[in-house]
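# Topology and contacts: notes
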Amino acid sequence: MTTIPVTSPQNIPSIHLGTSTPKLGGTVDVTSFINLTSFEAREGSTGNDLEGFIISEANDKLELVELLYNKLPGSANQYMPPNVVVFLMQFNELNVPLSDLSSFTQLSAIATSTNTNMGGNIPTLPSNINVIDFGGCNITGVLPSLSVYTNLRRVWLYANPNIIIPTNWTASASMTNIFLFSCRFSSAEVNTVLIEIDSFGTINGVLDIGGNNANPTGAGLTAKSNLIARGWVVTT
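Below or above, wherever it landed, is the structure these notes cover. (Residues numbered from 1 in each chain as written. Predicted model: local features only at pLDDT ≥ 70, side-chain atom pairs only at ≥ 80, totals over all residues. Heavy atoms only, no water.)

Attention now moves to the overall build of the protein. Helix and strand content of the protein: 2 helices and 16 strands. Against the globule reference of 18 Å for 236 residues, the protein gives a C-alpha radius of gyration of 19 Å, in line with a compact fold. Its C-alpha atoms put the protein at 65 × 30 × 30 Å along the principal axes. Residue pairs at least 24 apart in sequence account for 44% of intrachain contacts in the protein once pairs closer than 6 positions are excluded. (Helix = DSSP H or I, 4+ residues; strand = E, 2+ residues; numbered from the N terminus. Rg over C-alpha atoms; globule rule 2.2 N^0.38 Å. Contact = heavy atoms within 4.5 Å.)

What follows is about the nonpolar core. Counting residues in hydrophobic clusters, the biggest one holds 59 residues, and the most contacted among them are Phe39, Phe53, Leu67, Phe87 and Ile110. Residue contributions to this core peak at 4 residues, all from helix H1 (residues 187-198). (Core = buried A, V, L, I, M, F, W, Y, C linked by side-chain atoms within 4.5 Å. Buried < 20%, exposed > 50% of the residue type's maximum accessible area, 1.4 Å probe, protein only.)

Time to look at H1. The first and last C-alpha atoms of H1 sit 16 Å apart over 12 residues, in line with the 16 Å expected at 1.5 Å per residue. A large share of H1 lies buried, amounting to 9 of its 12 residues. Buried residues of H1: Glu189, Val190, Asn191, Thr192, Val193, Leu194, Glu196, Ile197 and Asp198, and no others. At its buried positions, H1 is contacted by strand E13 (162-164), strand E14 (177-179), strand E15 (206-208), helix H2 (219-229) and strand E16 (233-235). (Expected span 1.5 Å × (residues − 1).)

The step from Thr21 to Pro22 runs through a cis peptide bond, and the omega angle for that step is -5 degrees. Phi at Thr114 takes a positive value of approximately 60 degrees, unusual for a residue other than glycine. With respect to the helices, strands and loops of the structure, Thr114 is situated in the loop between strand E9 (109-111) and strand E10 (131-133). We classify Thr114 as partly exposed; its relative accessible area is 30%.

Further remarks concern the side chain of Thr112. Counting through the fold element by element, Thr112 comes out in the loop between E9 and E10. Given a relative accessible area of 0%, Thr112 falls into the buried group. Once residues within four sequence positions are removed from consideration, Thr112 is found in contact with Ala76, Met89, Gln90, Leu94, Leu98, Met118, Asp133, Phe134 and Cys137.

The set of residues buried in H2 consists of Gly220, Ala223, Lys224 and Leu227. Projected down its long axis, H2 carries its buried residues within an arc of 100 degrees, all on one side. Where H2 is buried, its residues meet H1, E15 and E16. Taken from the residues just after H2, Gly231 is the one with a positive phi, measuring 95 degrees. (Arc of directions from axis to C-beta.)

Glancing now at the sheet that holds E9. Reading across from one edge, E1-E3-E7-E8-E9-E10-E12-E14-E15-E16 is the order of the 10 strands in this open sheet, with parallel pairing throughout. Strands at the two margins of the open sheet, each flanked by one partner only, are strand E1 (14-16) and E16. The mean angle between the axes of side-by-side strands here comes to 5 degrees, regardless of whether they run parallel or antiparallel. For E1 and strand E3 (residues 38-40), the ladder comprises 3 bridges, and the chain directions are parallel. Along E3, the bridge assignment pairs His16 with Glu40. (Pairing = 2+ DSSP bridges. Axes fitted to C-alpha atoms, helices over the stretch in contact; angles between N-to-C directions.)

Another aspect to go through is the environment of Ser147. Residue placement: Ser147 occurs in the loop between strand E11 (140-142) and strand E12 (154-156). Residue Ser147 is classed as partly exposed on the basis of its relative accessible area of 35%. Apart from the residues within four sequence positions on either side, Ser147 is in contact with Thr170, Ala171 and Ser172. Separated by 3.2 Å, the side chains of Ser147 and Thr170 make a polar contact. (Polar contact = N/O pair within 3.5 Å; in protein donor to acceptor, adjacent residues only side chain to side chain.)

Honestly, that's just the spatial picture; any functional story needs more than this.
Structure follows, in structure tokens:
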């Protein structure tokens with residue numbers, strides 16, 4: 001495999017690989033790029049064929065990581081530098097569940113959607129999280145209460161048919177962009193979500209809990225009507 005040497009990596013603040021034909025493969029090791037703040041390995045909706053991305057604790061200035069549309073296996077945790085703020089890893093080949101993310105205290109947004117073999121439960125999140133996108137990752141288990149994440153705005157957990165919503169589930173009042181479609185939820189689970197989101201009295205949000213989920217009933221239908229009256233776009 002060809003190695004591409006870089007002179008004075010410590011002086012490089014950002015890397016944008018873009019795309020090429022044939023696509024770039026192999027492994028990228030950025031451990032010597034100690035002043036790197038952003039790494040992007042895609043161009044629009046086209047990525048590369050990277051199979052490895054190596055970081056270390058020395059990459060503590062690396063805040064933006066975009067690894068979308070590659071062939072990276074394992075767990076997303078292994079590709080996350082200690083102070084990452086935005087981490088995007090959709091459409092890869094992750095096959096190990098996410099583990100506890102609470103130590104990534106600067107993390108604002110994480111997206112790993114369409115890694116169908118990732119699996120596992122939703123991990124503990126950092127307190128200041130703003131965006132989570134785990135759609136189509138075969139997430140399983142009980143959906144944890146999200147009320148402690150007071151900055152959480154976007155919650156995308158669509159197309160995970162093995163998630164369970166308990167009757168005592170709580171959301172965050174800041175959640176206004178919610179995709180929970182095609183999770184095979186029962187009417188009771190759909191009702192729980194609608195009633196909880198309605199209880200905050202927020203306006204102009206988006207809630208998609210349709211697809212192959214059951215239809216809401218009773219108090220769930222009332223909550224849906226209340227949300228629509230306050231400017232929400234609600235799909236069931």
